[in-house]
Amino acid sequence: MEYDVYLRREVFEFLRRCRRDDRDQLLRLLDALGRDPFRRGDFTERDQSGRDIEVLIFRRYAILYWADHPVREVKVTDLRYADR
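Residues numbered from 1 in each chain as written. Predicted model: local features only at pLDDT ≥ 70, side-chain atom pairs only at ≥ 80, totals over all residues. Heavy atoms only, no water.

Asks: Which residues make up the nonpolar core, and what values do they have?
Replies: In terms of nonpolar packing, the biggest core is built from 16 residues, with L26, L33, I63, Y65 and L79 touching the most fellow members. For this core, the elements supplying multiple residues, two or more each, are helix 1 (9-17), helix 2 (20-35), strand 4 (61-68) and strand 5 (73-81). Among all residues touching L33, those that are not within four sequence positions of it are R39, L56, I63, Y65 and V74. The next biggest cluster of nonpolar side chains, apart from the first, holds five residues, and it includes I53, V55, A62 and L64. (Core = buried A, V, L, I, M, F, W, Y, C linked by side-chain atoms within 4.5 Å. Buried < 20%, exposed > 50% of the residue type's maximum accessible area, 1.4 Å probe, protein only. Helix = DSSP H or I, 4+ residues; strand = E, 2+ residues; numbered from the N terminus. Contact = heavy atoms within 4.5 Å.)

Printed below as a string of C-alpha cells:
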C-alpha cells in the first residue's frame with residue numbers, strides 16, 4: 001500500500017540546494033517513506049498542534065514527517081541538518 005509523499009516548499013528548496021548525490025539519496029529515502037508509511041523515525045517530536053512528528057536521521061540530515069493514514073499521504077514537514 002503506497003502513500004503519496006508531500007513536501008513543504010521549504011523542504012523542496014532545501015533539496016534543490018543539496019549536492020546532487022545527497023539529493024538523489026534523500027529523494028530515494030523519501031520515495032521509500034511512501035512505500036513504507038508506517039516506518040518509524042529515530043525519535044519523535046511534537047509539533048505546535050500536539051501531533052507526533054517522526055524524525056529520521058540520514059547521514060547529516062534530519063527528515064521530519066508524519067503519515068496521514070486516512071488520506072494515505074506522508075507529509076514531510078522539514079528537512080534540515082541534523083546538528084541544528
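Right, picking up where we left off after that structure.
Asks: Provide a residue-level description of helix 2, including the pertinent values.
Replies: In a regular helix each residue adds 1.5 Å, so 16 residues correspond to 22 Å; helix 2 covers 23 Å between its end C-alpha atoms and thus fits that length. Of the positions making up helix 2, those classed as buried are D22, L26, L29, L30, L33 and G34. Here the buried residues of helix 2 occupy an arc of 150 degrees about the axis, which is enough to place them on one side. For helix 2, exposure combined with an orientation more than 90 degrees from the buried face picks out R20 and R28. Each element contacted by the buried residues of helix 2 is listed here: strand 1 (4-7), helix 1, strand 3 (52-58), strand 4 and strand 5. (Expected span 1.5 Å × (residues − 1). Arc of directions from axis to C-beta.)

Asks: Describe the environment of Y6, with residues and values.
Replies: Secondary-structure assignment places Y6 in strand 1. Since its relative accessible area comes to 41%, Y6 is described here as partly exposed. Residues Y6 and G34 lie 28 residues apart in sequence; the distance between their C-alpha atoms is 9.4 Å. With residues up to four places along the chain from it excluded, the contact list for Y6 reads E73, V74, K75 and V76.

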